[in-house]
Amino acid sequence: MAGEADGAVPDGTTVFDDEIPGVANLDPDLLGALRLAAADAANEGVRFFVDSGWRSPEYQEQLLREAVSKYGSPEQAARWVATPGTSAHVSGEAIDIGHSDATAWLSEHGAAYGLCQIYGNEPWHYELRPEAIDHGCPAMYADPTRDPRMQQR
Ligand SMILES: [Zn+2]
């Protein structure tokens, strides 16, 4: 099973927890934007928790195997979990945020920080899109299978 060194994060982890590899190994620009947003959200009483951030390829592979058994086929699992070769979590460029008050806050304010929801079916999954600061977030994909980045494995 994957441990903290592979990117598993303990309950209660926040975007400020530098000692947790799942946070520390995120892209520095993404992490910087998250911390700016989290500081502003905190002024409104909203805390950002990290459900998942950076993941090792081994951890991603484990999550994919679990998803295949949960959803019944690789095709169904692909709607929720990417392969180690395509996941933006493995490259440190994606974060899954909780709880629902934090995702609601980001849905309203995230674009101003370049933080965008990418997939319609994953309201918790955010990536950095710096152009969103001026132009708003790009249209979402319905789910990851519609994302051209997910086509190669
Ligand atoms: Zn995600």
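The shown structure was predicted, so the numbers you read here are calculated from the model rather than taken from an experiment.

A. Representation of the coordination of the zinc ion within the structure. Protein ligation of the zinc ion involves His89 (NE2), Asp96 (OD) and His125 (ND1), the donor distances falling in the range 2.0 to 2.1 Å. Between consecutive donors of the zinc ion, the numbers of intervening residues give the motif H-x6-D-x28-H. Within this pair, whereas His89 is found in the loop between helix H4 (74–77) and strand E2 (94–98), its partner His125 is found in strand E4 (residues 125–128), the two being separated by 36 residues in sequence. Each member of the pair His89 and His125 is classed as buried.

B. Focus on the state of the cysteines. Considering all chains together, one arrives at one disulfide under this definition. Shown here is the disulfide that connects Cys116 with Cys137, its sulfur atoms set 2.0 Å apart. Between Cys116 and Cys137, the S-S dihedral sits near -90°, and the bridge is therefore left-handed. Here Cys137 lies in the segment after helix H6 (132–135) and Cys116 lies in strand E3 (residues 115–117), a separation of 21 residues in the sequence. Residue class for Cys116 comes out buried when judged on its relative accessible area of 1%.

Reading the values: the criteria
- Residues numbered from 1 in each chain as written.
- Predicted model: local features only at pLDDT ≥ 70, side-chain atom pairs only at ≥ 80, totals over all residues.
- Heavy atoms only, no water.
- Donors = N, O, S within 2.8 Å, 3.2 Å for Na, K, Ca; no water.
- Helix = DSSP H or I, 4+ residues; strand = E, 2+ residues; numbered from the N terminus.
- Buried < 20%, exposed > 50% of the residue type's maximum accessible area, 1.4 Å probe, protein only.
- Disulfide = S-S within 2.5 Å.

Everything listed here is a matter of geometry and, on its own, says nothing about what the molecule does.
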